[in-house]
Amino acid sequence: MLSRLGTLLQQAVETREPSVDLLEAFTEHWKGITGYYLEATDESTPARQTDIPWRLKQMLDILVYEEKQRPAGETGPCLEYLLQHKVLETLSTLGKAEYPPGMRQQVLLFFSRVLGQVQHPLLHYLNVHRPVQKLLQLSGDRLGSGTEKEEVQFTTILCAKIKQDPTLLAYILEGKSILNEKRAQELEEGAEHPPGAATAASSPPRRDSNLISSLVGLCKSKKSRMALKARENLLLLVGLAQEAAAACLVRSSTLCQLLTGHLCDLYSAVPTCTDPADVLTLERTSWRTQGDAASNGIFPGKESLAAFFGWMDFLDELVMGAHPVVADALTQAVEEKFFQGILQPQLLQIRSELTVLNATAMLTGMVRQICAPPLLHHLVLFLLGPDRHPETPGDSPHPLRTQLIDRCNHLSEEISLASLQLFELLLQKPHEHVAHSLALRNLETRGYLQRSPPVPDERGPPELDPDEDGLDLEEDPYFTDGFPEASFRMAKKPLPGPAPPGKGQVSEVVSSFLCLVPEEAKTSSCMEEGGYDTYIHDALGMVQACRASAAPWGWPHAPRPLDTCPPEGVFYEGHFLKVLFDRMSRVLDQPYSLNLQVTSVLSRLAAFPHPHLHEYLLDPYLSLAPGCRSLFSVLVRVMGDLMQRLQRVPHFRAKLLLVRQQLMGLVPGEQMDHMMLFKGVVVLEEFCKELAAIALVKGPPEGPP
């Protein structure tokens, strides 16, 4: 028993002595560091060539060992010494002085290791988070200074600690101006205001540095790995679920101003000489692989473009994953500072054609890049305005929307093409307001329909003589004047008896579009190409995509009953559809690329599952109100013009076939008379086949007339 008691006493002594030795060793190493500044004579000796790194490593090891030897949550004497004697405060001051050279790097490493390896919560202590703030004020503003790696490690540890305990964010962010008590007082006064998004977005950026400014500064690093890690840390912070942490992030940092300011700087850095075609052909940029994208295929301005769109992609993902408080504040800042402050003046000004083309191309790239619902919502309202009531001719409450739509009908074919591409991309975005603002707002009351019962034979039954000219062309989808020998297959099929006026079976609707182009003007069959069925696969994909986007929008499945629609004075299809129909009516006199873009936008609209759009764009049997036009009636007019013009062109069929072969790349291209006309005919034939495929895929219109 005595031997066992002696053993226990010996163990007690052994567990007691190391704590005394640890404290002595810890203080000895600390005094060795401070003594260096009293004894050193050569100020140029780098810190890594002194014993400072070794002593800091020994101090860290002692702190970690001490903690392992004590019960969880109990503070050891070495840690108490570190806190009471303001060791970290002194080290942050030495790091600021950067003496000896490289001292800041050693201090950053020590801070990171202490915070990362010591399990006891430290950042709540004033003597810890104050020097942490002071050290952050020295970071993030000196890119390429040689301490980027250590700064990233330091901020990564802080973000990990904040993720574990979001209340730490207030300790690290608030009271930033430690080195300037007057600025700290101003900050406290400003903190009394509500942390609203507008305040956060519009307040002028402060010069104080903190965790956020350090991370944003590191995001700009030329070293892709450093920038990537800094951005991942920002994503972690904005994604904190606690509302108090999100409000603190907005209120106590310049997060929104810094992120948006960098976006504006990158946009301004894109060279004005950048080819708009290069902007449009640039693949969608990912912020995670931005450096790789910039190196693939070089053209003037590509690096700047990749940097801008990469940052835009980062902001998009930031908003997507952020707490709603942060997301709202950031989108508000982007709209005010970037959309309205930079983009709007540039889009509205008319300096030169190249300026308009560049601005439109950049805007198209942004529309392609943005996916986050809050950011997309702000962008859509910025471009199209919030109005949802029906338009009136000449009314332009939102100048930017009016300007952009007008440019689809611009004298410059390049501007028209670029503007149409912008709207086609907008229509592909999952936002209900796009389709509503551009088209549906004017179709709500179905004012395009004839309210009075149609006269029996007014639509020109098939038995009528083709030369009879008593029908108005707008109301006769089977207009055949000018080609007495040209027969429309649909003309030999009687209208279905039970179908109400303005409706037809799917097969008849399909045939109506396929029979629009006279046989003499069709060339696809001569090339052994398929019929409209070649478009069915693409049409199915487009219709399914539109249905998926529109599923949450609550669109009706059937047209609104006419008896519930208030009568309109004069129907107006709206600015956008008017421009598209005007463009479509000139399809025989426009460049091939422009025609392809016009028909592409119309096809996209026709694919939407709203019954009014389906009826207005895809129903050839509508009884149109006087003075109204539909897509089908516009095409009928074009066909009438086509038949008259082809009669005046000798050997038109052989030439038309040759042009189709050229477009397909089967024969070398060569110039000939009426080239634009022939290309327009090819576009018309293919467009009618595409509309037929869309009508088939979408199925019959539902509901009452």
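Residues numbered from 1 in each chain as written. Predicted model: local features only at pLDDT ≥ 70, side-chain atom pairs only at ≥ 80, totals over all residues. Heavy atoms only, no water.

A.B. asks: Would you mind showing me how to read the overall build of the chain here?
C.D. replies: The helix and strand inventory of the chain stands at 31 helices and zero strands. Expressed as a percentage of its 705 residues, the buried residues of the chain come to 52%. Long-range pairs, those at least 24 residues apart, make up 78% of the contacts in the chain between residues at least 6 apart in sequence. Taken as a whole, the chain presents about 31800 Å² of accessible surface, with 54% of it coming from carbon and sulfur. (Helix = DSSP H or I, 4+ residues; strand = E, 2+ residues; numbered from the N terminus. Buried < 20%, exposed > 50% of the residue type's maximum accessible area, 1.4 Å probe, protein only. Contact = heavy atoms within 4.5 Å. Areas by Shrake-Rupley, 256 points an atom, 1.4 Å probe, with all protein chains shown as cover.)

A.B. asks: Would you mind showing me how to read the side chain of glutamate 335 here?
C.D. replies: Here glutamate 335 is to be found in helix 18 (residues 324-348). Despite its burial, glutamate 335 pairs with no opposite charge; the closest candidate is arginine 401, at 15 Å N-O. Ignoring any residue separated from it by four or fewer positions in sequence, one finds glutamate 335 in contact with Gln340, Gly341 and His378. (Lys, Arg positive; Asp, Glu negative; His and termini not counted. Salt bridge = Lys/Arg side-chain N within 4 Å of Asp/Glu carboxyl O.)

A.B. asks: Any chance you could explain the packing of helix 5 (residues 103-117) against helix 6 (residues 126-137) here in plain terms?
C.D. replies: Any two packed helices are characterised by the angle at which their axes cross and by the distance between the axes. Axis separation between helix 5 and helix 6 bottoms out at 12 Å; the angle between their running directions is 140 degrees. Judged on the interaxial angle alone, helix 6 and helix 5 are oblique. Two packed elements cross with a definite hand, and for helix 5 against helix 6 that hand is left-handed. Where helix 5 approaches helix 6, its residues Val107, Leu108, Phe111 and Leu115 are matched on the opposing element by Val128, Pro131, Val132 and Leu135. Grouping the constituent residues of the contact of helix 5 with helix 6 by class yields eight nonpolar, no polar and no charged. (Axes fitted to C-alpha atoms, helices over the stretch in contact; angles between N-to-C directions. Parallel < 35°, antiparallel > 145°, perpendicular 65-115°, else oblique. Left-handed = near helix turned anticlockwise from the far one by under 90°. Nonpolar A, V, L, I, M, F, W, Y, C, P; charged D, E, K, R; others polar.)

A.B. asks: Can you help me understand the packing of aromatic side chains in this one?
C.D. replies: Centre-to-centre distance and the angle between the planes together describe a pair of aromatic rings. Counted according to the given criterion, the structure contains 20 aromatic pairs. Judged by centre distance (5.5 Å) and plane angle (65 degrees), the rings of tyrosine 37 and tyrosine 99 are edge-to-face. Taken as a pair, tyrosine 37 in helix 1 (residues 2-39) and tyrosine 99 in the loop between helix 4 (87-97) and helix 5 lie far apart in primary sequence, 62 residues in all. Each ring, one from phenylalanine 513 and one from phenylalanine 632, has its centre 5.3 Å from the other, and the planes form 80 degrees; the classification is edge-to-face. Of the two residues, phenylalanine 513 is situated in helix 24 (residues 506-514) and phenylalanine 632 in helix 29 (residues 631-647); the sequence distance between them amounts to 119 residues. According to the relative accessible area criterion, phenylalanine 632 is buried, its value standing at 4%. (Phe/Tyr/Trp six-rings, centres within 6.5 Å; stacked < 30°, edge-to-face > 60°.)

A.B. asks: Honestly, the environment of alanine 550 in this entry has me stumped. Any pointers?
C.D. replies: Mapped onto the secondary structure, alanine 550 falls in helix 25 (residues 536-550). Setting aside its immediate chain neighbours within four residues, alanine 550 contacts Trp555 and Pro609.

A.B. asks: For this particular structure, what's the right way to read the environment of leucine 88?
C.D. replies: Counting through the fold element by element, leucine 88 comes out in helix 4. Through-space distance from the C-alpha of leucine 88 to that of valine 107 is 8.8 Å; in sequence the pair is 19 residues apart. Residues in contact with leucine 88, not counting those within four places in the same chain, are Leu82, Phe110, Phe111, Asn127, Val128 and Pro131.

A.B. asks: I keep staring at the pattern of salt bridges and nothing clicks. Help me out?
C.D. replies: Opposite charge on two side chains permits pairing when their charged atoms draw close. A full pass over the atoms with the stated rule returns 21 salt bridges. Residue arginine 660 pairs with glutamate 686 through a salt bridge whose shortest N-O separation is 2.9 Å. Taken as a pair, arginine 660 in helix 30 (residues 652-663) and glutamate 686 in helix 31 (residues 675-698) lie far apart in primary sequence, 26 residues in all. With respect to burial, arginine 660 and glutamate 686 carry one shared label: buried. Here the residues in one salt-bridge network are Lys229, Glu232, Arg288 and Glu317, joined through shared partners.

A.B. asks: In this structure, what is going on with the nonpolar core? I would like to understand it.
C.D. replies: Note that soluble globular proteins tend to have their nonpolar side chains buried in a common cluster. In terms of nonpolar packing, the biggest core is built from 199 residues, with Leu91, Leu211, Leu234, Leu259, Phe308, Phe338 and Leu383 touching the most fellow members. Broken down by element, this core gets its largest block of residues, 15 residues, from helix 31. Residues contacting phenylalanine 308, with those up to four places away along its chain left out, are Leu263, Leu266, Tyr267, Val270, Phe338, Met362 and Met366. (Core = buried A, V, L, I, M, F, W, Y, C linked by side-chain atoms within 4.5 Å.)

A.B. asks: Just checking my understanding: could you explain unusual backbone geometry for this structure?
C.D. replies: Most peptide bonds take the trans form, and the phi angle of most residues other than glycine is negative. Going from tyrosine 99 to proline 100, the amide bond is cis rather than trans, its omega being -5 degrees. One can find proline 100 in the loop between helix 4 and helix 5. The phi torsion at lysine 86 lies on the positive side, around 50 degrees, for a residue other than glycine. Locating lysine 86 in the fold gives a position in the loop between helix 3 (77-84) and helix 4. The partly exposed category is assigned to lysine 86, whose relative accessible area is 39%. Positive phi outside glycine occurs at histidine 674, with the angle close to 65 degrees.

A.B. asks: Would you explain the confidence of the model for the chain in this entry?
C.D. replies: Taken over all residues, the pLDDT of the chain has a mean of 83, while the share at 70 or more is 81%. Low confidence marks residues 12-19, where pLDDT is under 50. Its contacts with residues over four positions away, or in another chain, come to one contact. Every residue in residues 457-502 scores below 50 in pLDDT, and together they form 82 contacts with partners more than four places removed in sequence or on other chains. (pLDDT = per-residue confidence, 0-100.)

A.B. asks: It is not clear to me how helix 5 should be interpreted in this structure. Could you clarify?
C.D. replies: Count 3.6 residues to each turn of an α-helix, and residues three or four apart come out pointing the same way. Across its 15 residues, helix 5 extends 21 Å between first and last C-alpha, which sits within 8% of the 21 Å expected from 1.5 Å per residue. Counting buried positions along helix 5 gives 11 out of 15 residues, so the element sits mostly inside the fold. All of the buried residues in helix 5 are Met103, Arg104, Gln106, Val107, Leu108, Leu109, Phe110, Phe111, Ser112, Val114 and Leu115. (Expected span 1.5 Å × (residues − 1).)

A.B. asks: For this particular structure, what's the right way to read helix 26 (residues 575-585)?
C.D. replies: Counting buried residues along helix 26, nine of its 11 residues qualify, which places the element largely inside the surrounding structure. Along helix 26, the residues classified as buried are His575, Phe576, Leu577, Val579, Leu580, Phe581, Asp582, Arg583 and Met584.

A.B. asks: Would you mind showing me how to read the environment of glycine 627 here?
C.D. replies: Structurally, the position occupied by glycine 627 is in the loop between helix 28 (611-618) and helix 29. Judged by its relative accessible area of 84%, glycine 627 is exposed. For the pair formed by glycine 627 and tyrosine 572, sequence separation is 55 residues and the distance between their alpha carbons is 9.6 Å.

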